[in-house]
Amino acid sequence: MSRVHLYLRKRLEEIRDRYIYEIYERQKLPPWERFLLTWIVLFAFWLGITGDITPQGLSLGLPTTGIIAFYMRDLLTDDIRHSKHLVWKILYFAFLYLPQYLIIMAFRLLESNIKVAKHAILMDINPGIVRIKTGLHSNTGVTILANSITLTPGTLTLDVVKKLDGTYLYVHWIDVETLNVEKAGEIIKGDIEEWLKKVFW
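Residues numbered from 1 in each chain as written. Predicted model: local features only at pLDDT ≥ 70, side-chain atom pairs only at ≥ 80, totals over all residues. Heavy atoms only, no water.

### Digging into the overall build of the protein
Okay, so step 1: Looking only at helices and strands, the protein features seven helices and three strands.
Okay, so step 2: Taken from the N to the C terminus, the helices and strands of the protein come in the order α-α-α-α-β-α-β-β-α-α.
Okay, so step 3: Out of the 201 residues belonging to the protein, those deemed buried represent 30%.
Okay, so step 4: Put simply, 73% of the contacts in the protein that link residues at least 6 apart link residues at least 24 apart.
Okay, so step 5: By element, 66% of the accessible surface of the protein is carried by carbon and sulfur atoms, the whole surface being about 12,800 Å². (Helix = DSSP H or I, 4+ residues; strand = E, 2+ residues; numbered from the N terminus. Buried < 20%, exposed > 50% of the residue type's maximum accessible area, 1.4 Å probe, protein only. Contact = heavy atoms within 4.5 Å. Areas by Shrake-Rupley, 256 points an atom, 1.4 Å probe, with all protein chains shown as cover.)

Have a look at this one:
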């Protein structure tokens, strides 16, 4: 392949990535929704930490978390997909998405623990570092995916590298079944990535 073809290919990839980025920029939440969501999350965290639901505790917690939410709204909610009404998003996340994630992680933890126990007993491990690709673009989505992979026994996310053609995770795998990027990704990521795509871009 000539240098001209390589240059044109690179330019086309850059244009495609810029187009994808612009689409995701349009999917971001409006500022007031970011503020409200951040306030709700911080206030729930405040209640969980203090356990104070007296009028005095609430009168202290609401304005304090509101001030923090005003300055942190872009930090916590910048990567959330824009979809439908705010109330719909909160209810959907609380009663559908969050339970889905907990169920997925519970099954993956159970499955991984059984596999690691089997490998420890039989001593038939084949450790190695594999590279997997993710379709997630946002920092929050990639971070949650990397941490979810690390939480399951037998896998440990070592590094995240963003390139023109996508984001790659380098994962230490206790029993390498394949070095193929796509097949390894399907086994390691499971349903976690598909769940994250519903919430994050």
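After presenting the structure, the write-up continues.
### A short note on the nonpolar core
Okay, so step 1: Among the nonpolar cores identified, the biggest contains 22 residues, and Ile 132 and Leu 169 are the most heavily contacted of them.
Okay, so step 2: Among the elements of the structure, α4 (86-122), β1 (128-134), α5 (139-151), β3 (166-173), α6 (181-189) and α7 (192-199) are those that each provide at least two residues to this core.
Okay, so step 3: With near-sequence residues (within four places) excluded, Leu 169 lies in contact with Val 130, Arg 131, Ile 132, Thr 134, Val 142, Leu 145, Ala 146, Ile 149, Thr 157, Asp 159 and Val 160. (Core = buried A, V, L, I, M, F, W, Y, C linked by side-chain atoms within 4.5 Å.)

### Observations concerning α5
Okay, so step 1: In a regular helix each residue adds 1.5 Å, so 13 residues correspond to 18 Å; α5 covers 18 Å between its end C-alpha atoms and thus fits that length.
Okay, so step 2: Residues of α5 that are buried: Gly 141, Val 142, Leu 145, Ala 146, Ser 148 and Ile 149. One side of α5 holds all its buried residues, which, seen down the axis, span an arc of 160°. More than 90 degrees from the buried face of α5, the exposed residues found are Asn 139 and Leu 151. (Expected span 1.5 Å × (residues − 1). Arc of directions from axis to C-beta.)

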